[in-house]
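# Chain and residue survey
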Amino acid sequence: MLDAQSKPKRSYVLYILFIFLSSLLILVDYFSNKEISSYIPKSLTFEFKLNVFESTYIDSFNSLLISRAELVSENIRLEQEVKNLRALEIENSSLKEKIKSFENISLTKNFNNLNFIETSLIIKNSSNEFLISGGTNQNFKNGDLVLDDRGYAIGYLREVYYSYSILETFLSQSFNIQLMDKYNNEYLLSSDGNQLFLTSINILKFNTDIEFLFTDISYSHSGKFPVVDTRTINFELVNNQINSSFNFSNIFTYNTKLFIPKSK
Amino acid sequence: MNILYSITIFFLFSATLIVENFLNLIIFNKYISISLFFILLFIFSLTRFNNKNIVPIMGTGLIYDIFLSENYLGVYAIIFLFVSVLTNYMFEKLINFNFKLIFIFALNYVIYNIPNILNFNFFSNIVLSAFINYLLFLLIKRFMRLSV
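Residues numbered from 1 in each chain as written. Chains lettered and ligands numbered in written order. Predicted model: local features only at pLDDT ≥ 70, side-chain atom pairs only at ≥ 80, totals over all residues.

Secondary structure summary: chain B contains six helices and zero strands in total. The N-to-C order of helical and strand elements in chain B reads α-α-α-α-α-α. Counting across all 148 residues of chain B, residues that qualify as buried make up 40%. (Helix = DSSP H or I, 4+ residues; strand = E, 2+ residues; numbered from the N terminus. Buried ≥ 20, exposed ≤ 12 C-beta atoms within 10 Å, placed from the backbone.)

This is the structure:
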């Protein structure tokens, strides 16, 4: 089966020279801060048909979220948050800074301030990152949230080129995102590529009725979108800390519709 | 003629690489990855190893670095070239033993996936994927009647 003896001696010199040439390219790219490797993707145009959801179509998007929207009910929750903050203001003046944060949050009362740009997965690379359609030609920016068709945030844009972008999701080992709950407690969600790790950063008030952890505009996110359903994970306060690990629940597939919320 | 050969092989490699990535998107499993390009590279390194393949292999690596990954330019070019050289070298120089081919295949598959070595499940994933890809390689080998 292994018929090796008849083959002539090979010369590997040229291969090794080209390996050195590639090493040189890495060095040049490193010292140019990836200018070379990102030059072509940033200037090359692949035209994808993208649907921009204008405000007149916002209701159709809301219908996608209706099952969750009824549970979370953005406006009611925000109103409740404002009430909670007012109560806290009386109890403790040191929470005034947090109240300002809430007032900022309350500016994003509904989705009318946002356009939802539809995008789709193109390819998955060997590092479990995804290429999605749309880039700087759609005003996408690094860090823009990406939602699935249920309204859950499934990741964010790590690298944006002219007509496509690289999406970082739970499946990527370098994924991490800051989240907040309705009591303004802060969390860090990170991934090792296999499991998600939730760690509390700042616990102000803990209650068992925390159902969802959200993205927040105070972290430069475009709005409040659910990421983690705490009812499906081990979510307990121990020594004033929350440390939880769990498997991915928001699994999306190659044909899942994705949306990127952009402020108008 | 050489240029035409190189261009043809380059397009074959690039197309296979894109199909590989697209296939893995459809399979959508974090534990299994089908590496058609690796199998093609392995076959070329065993049966058609020559200097005319250098530019297509390097070009495909650069395409991958530019469009499909966030790595620095040249990372995958080095990996592809190195896998090609090592595959051929081991096949030519290693003494014959029962599992020589699968040993070379598995070792080079690990090198092919070296950018993901920090992944938590790297080795368990590699074992499963290497096995599946080796079966695929055997199927292709039988189908193409390759004498390796």
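Now, onward.
Residues and elements named next belong to chain A. When you tally the buried positions in strand β6 (residues 153-160), you get six out of eight residues, the bulk of the element. Where strand β5 (residues 145-147) and β6 come together, three bridges link them in antiparallel fashion. Residue pairing across strands places leucine 145 opposite tyrosine 156, the latter belonging to β6. As judged from the five bridges shared by β6 and strand β7 (residues 164-169), these two strands associate in the antiparallel manner. (Pairing = 2+ DSSP bridges.)

With that settled, the discussion passes to the nonpolar core. Val146 of chain A together with Leu81 of chain B are the most contacted members of the largest nonpolar core, which totals 82 residues. Dropping the residues within four chain positions of it, valine 146 of chain A is found in contact with Ala153, Ile154, Gly155, Tyr156, Leu157, Leu167, Leu258 and Ile260 of chain A. (Core = buried A, V, L, I, M, F, W, Y, C linked by C-beta atoms within 7 Å. Contact = placed C-beta atoms within 7 Å.)

Moving on, we get to the interface of chain A and chain B. Contacts between the two partners involve 38 residues from chain A and, on the opposite side, 42 residues from chain B. Sorting the residues of the side of chain A that touches chain B by element identifies α1 (13-31), α2 (35-43) and β3 (121-124) of chain A as the ones contributing at least two each. A per-element tally of the side of chain A that touches chain B places α1 of chain A first, with 10 residues. Classifying every residue of the side of chain A that touches chain B gives 19 nonpolar, 11 polar and eight charged. (Nonpolar A, V, L, I, M, F, W, Y, C, P; charged D, E, K, R; others polar.)

This brings us to the confidence of the model for chain B. Of the residues in chain B, 95% reach a pLDDT of 70 or more, and the chain-wide mean stands at 88. Complex prediction metrics read pTM 0.68 and ipTM 0.89. (pLDDT = per-residue confidence, 0-100.)

All names here are of chain A. Looking at the element boundaries, leucine 196 is found in strand β10 (residues 196-202). Overall, leucine 196 belongs to the buried group, with 21 C-beta atoms counted inside 10 Å. Sequence separation of leucine 196 and serine 244 is 48 residues, and the distance between their C-alpha atoms is 8.2 Å. Not counting chain neighbours up to four residues away, the residues in contact with leucine 196 comprise Phe170, Leu189, Ser191, Ser245, Phe246 and Phe248.

We now examine the packing of helix α2 (residues 36-47) of chain B against helix α4 (residues 75-93) of chain B. Residue and element names in this part refer to chain B. Running from amino to carboxyl end, α2 crosses α4 at an angle of 45°, the nearest separation of the two axes being 8 Å. The angle between the axes of α2 and α4 places the two elements in the oblique class. Here α2 and α4 pass one another in a crossing that is right-handed. Residues Leu41, Phe42, Ser45 and Leu46 of α2 pack against Phe80, Val83, Ser84, Thr87, Asn88 and Phe91 of α4. (Axes fitted to C-alpha atoms, helices over the stretch in contact; angles between N-to-C directions. Parallel < 35°, antiparallel > 145°, perpendicular 65-115°, else oblique. Left-handed = near helix turned anticlockwise from the far one by under 90°.)

With their axes 8 Å apart at the nearest point, α2 of chain A and helix α3 (residues 54-68) of chain B run at an angle of 65° to one another. Viewed along their axes, α2 of chain A and α3 of chain B adopt a mutual orientation that is roughly perpendicular. As for the relative orientation of α2 of chain A and α3 of chain B, their crossing is right-handed in sense. Counting all contacts with α2 of chain A, which are made through Ser37, Ile40 and Pro41 of chain A, the residues of α3 of chain B involved are Asp65, Ile66 and Phe67 of chain B. In terms of residue class, the contact of α2 of chain A with α3 of chain B is made up of four nonpolar, one polar and one charged.

Quick look at unusual backbone geometry now. What you tend to see is this: most non-glycine residues have negative phi, and most peptide bonds are trans. Residues and elements named next belong to chain A. For lysine 34, which is not glycine, the phi torsion reads 65° and is therefore positive. Within the secondary structure layout, lysine 34 lies in the loop between α1 and α2. Backbone geometry places asparagine 184, a non-glycine residue, at a positive phi of 70°. Secondary-structure assignment places asparagine 184 in the loop between β8 (176-180) and β9 (186-191).

What follows covers the confidence of the model for chain A. Residue and element names in this part refer to chain A. Residues at a pLDDT of 70 or more form 77% of chain A, whose mean pLDDT is 77. Looking across chain A, the model is least confident in helix α3 (residues 58-64), with a mean pLDDT of 53, and most confident in α1, with 92. Contacts from residues 1-8, a stretch scored under 50 in pLDDT, to residues over four places away or in other chains number seven contacts. Scored below 50 in pLDDT, residues 104-109 makes 14 contacts in the model with residues more than four places away or belonging to other chains.

What follows deals with the pairing of β10 of chain A. Residue and element names in this part refer to chain A. As defined by bridge partners, β9 adjoins β10 across six bridges and the pair is classed as antiparallel. Among the inter-strand pairings, glutamate 186 is bridged to a residue of β10, identified as asparagine 202. Joining the antiparallel neighbours β9 and β10 is a turn of four residues, in which glycine 193 adopts a positive phi near 95°. Where β10 meets strand β13 (residues 243-246), four bridges bridge the pair, whose relative direction is antiparallel. Bridged to phenylalanine 197 within β13 is serine 245.

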